[in-house]
Amino acid sequence: MEVVILSGADEIASLAADVFVALLSRKPDAVVGLATGSSPLGVYASLIERHSAGDVSFVGVKAFLLDEYVGLPAEHPQRYRSVIGEVIEQHVDFAPGAVRGPDGNAADLPAACARYEAAIAAAGGVDVQLLGIGTDGHVGFNEPGSSLSSRTRVKTLTSQTRADNARFFPAAADVPRHVLTQGLGTISDARHLLLVATGLGKAAAVRAMVEGPVSAFCPASVLQLHQHVTVLLDDDAASSLALGDYYRETYAHKPAWQGL
Ligand code: GLP
């Protein structure tokens, strides 16, 4: 796991966007994994700018979302499939149908989850998966207790996550209890995991993810088992790390040819 501590959200967004631009320049038909939440918004803004500048095209790219609320109507602004449309898809040149998410309105949710897994596999698997982290250590919507080898399935949100996400809804009670999420095993199949986190509110979860035991209690700790993980943090999100100085020193002396 490579931990990179940067000066702030802009630098994180720019470096994360670099990873996607480099991927799409060497593999124009890559498969990318997109995340919702506020953490990736800067990354999307940076990618939109790069696209406008002619530095990157998504025309041959397929994208898969991490997760979705169950039961939000198609026109609901907080449906993750709609959010991704607003924050990136509509502003770049994805081909029609290239961006997919799990179907939280399917009559048969387990069957929809199985179809989603099959679609990711048929696309050749995810090249770079963008991730945020919840304050309870969730990635996607894999709440504490999630099997480290789980696949796409229905999960029940913790009250902490529902409270965290209430800011996006008219009232806290409107946050759905149930979601579909790629499993930790599904996420771990991606070839490169790129997690971004900022702010003091994420410091404890980041510490547990990076330096705690690998445990279903902190689902993000499964990233410790992956061969290619990049964690981009600001000073606040990194503030509880025991080895913060070491991560800073390592990145400061990293040979440029290594890339991320
Ligand atoms: C949601 C999403 C996660 C995201 C997390 C953190 O629950 N399902 O993918 O990482 O929230 O969100 P934020 O980046 O807004 O803190």
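Details of the structure are given in the entry above.
(A) Spotlight on helix α2 (residues 41-52). Look at α2: 17 Å from first C-alpha to last across twelve residues, which is about the 16 Å you get at 1.5 Å a residue. The elements touched by buried residues of α2 are α1 (9-26), β2 (31-34), α3 (80-87), β6 (128-131) and β9 (192-197). Two residues or fewer past α2, G54 is found with a positive phi of approximately 85°.

(B) Summary view of the pattern of salt bridges. Evaluated as defined, the whole model comprises ten salt bridges. Between D127 and K27 there is a salt bridge; the shortest N-O distance is 2.8 Å. One end of the pair, D127, is in the loop between α4 (109-122) and β6; the other, K27, is in the loop between α1 and β2, and 100 residues separate them in sequence. With a closest N to O distance of 2.9 Å, E117 and R151 form a salt bridge. Linking E117 in helix α4 with R151 in the loop between β6 and β7 (153-156), this pair joins segments that are 34 residues apart in sequence. Classification of E117 by relative accessible area gives buried; the value is 16%.

(C) The arrangement of the pairing of strand β10 (residues 229-234) in detail. Across the six residues that make up β10, a large majority, six, are buried. Here β10 shows two buried faces, one formed by V229, V231 and L233 and the other by T230, L232 and D234. With five bridges joining them, strand β1 (residues 2-6) and β10 adopt parallel strand pairing. Note on β10: the bridge partner recorded for L6 is D234. Examined bridge by bridge, β9 and β10 share five bridges and lie parallel to one another. Following the sheet pairing, L193 is matched in β10 by V229. In this fold, the crossover linking β9 to β10 by way of helix α7 (residues 203-211) has right-handed handedness.

(D) Structural context of the sheet that holds strand β3 (residues 62-65). Strand order in the open sheet formed by seven strands is β1-β10-β9-β6-β2-β3-β5, and the pairing between neighbours is parallel. Looking at which strands have only one partner, the edges of the open sheet turn out to be β1 and β5 (99-100).

(E) View of the site of the ligand. Around the ligand, the surrounding shell holds 14 residues, and the nearest of these are S38, S39, D67, R167 and K202. At a separation of 2.6 Å, an oxygen atom of the ligand approaches a polar side-chain atom of S38. Between S39 and the ligand, the recorded distance is 2.5 Å, taken from a side-chain N or O atom to an oxygen atom. Here the ligand loses 94% of its free accessible area of 390 Å² to cover by the protein chains.

(F) Examining the side chain of S150 more closely. Its location among the elements puts S150 in the loop between β6 and β7. Polar contacts involving the side chain of S150 include one to the main-chain amide nitrogen of L184, which spans 2.9 Å. Not counting residues within four places of it along the chain, the set of residues in contact with S150 comprises N142, G183, L184, G185 and T186.

(G) Molecular detail of α3. Most of α3 sits inside the fold, with six of its eight residues counted as buried. The complete set of buried residues in α3 reads Y80, R81, S82, V83, I84 and G85. Looking at the buried residues of α3, the elements they touch are β2, α2, β3, β4 (67-69), β5 and α5 (159-165).

(H) Quick look at the sheet that holds β7. Spatially, three strands are ordered β4-β8-β7 in an open sheet, and the strand pairing comes out antiparallel. The sheet is open, and its two edges are formed by β4 and β7, each paired on a single side. Direction aside, neighbouring strands of the sheet carry axes that sit 30° apart on average. Where β7 meets strand β8 (residues 178-181), four bridges bridge the pair, whose relative direction is antiparallel.

(I) View of the packing of α1 against α2. In the contact formed by α1 and α2, the axes pass within 8 Å of each other and the chain directions differ by 55°. Judged by the inter-axis angle, α1 sits oblique to α2. Here the hand of the crossing between α1 and α2 comes out right-handed. Along the contact surface, α1 presents A13, S14, A16, A17, D18, F20 and V21, while α2 presents G42, V43, S46, L47 and R50. Of the residues in the contact of α1 with α2, the class split is seven nonpolar, three polar and two charged.

Parameters at a glance
Residues numbered from 1 in each chain as written. Predicted model: local features only at pLDDT ≥ 70, side-chain atom pairs only at ≥ 80, totals over all residues. Heavy atoms only, no water. Helix = DSSP H or I, 4+ residues; strand = E, 2+ residues; numbered from the N terminus. Expected span 1.5 Å × (residues − 1). Contact = heavy atoms within 4.5 Å. Salt bridge = Lys/Arg side-chain N within 4 Å of Asp/Glu carboxyl O. Buried < 20%, exposed > 50% of the residue type's maximum accessible area, 1.4 Å probe, protein only. Pairing = 2+ DSSP bridges. Right-handed = clockwise from strand over helix to strand, strands pointing away. Near = heavy atom within 4 Å. Polar contact = N/O pair within 3.5 Å; in protein donor to acceptor, adjacent residues only side chain to side chain. Areas by Shrake-Rupley, 256 points an atom, 1.4 Å probe, with all protein chains shown as cover. Axes fitted to C-alpha atoms, helices over the stretch in contact; angles between N-to-C directions. Parallel < 35°, antiparallel > 145°, perpendicular 65-115°, else oblique. Left-handed = near helix turned anticlockwise from the far one by under 90°. Nonpolar A, V, L, I, M, F, W, Y, C, P; charged D, E, K, R; others polar.

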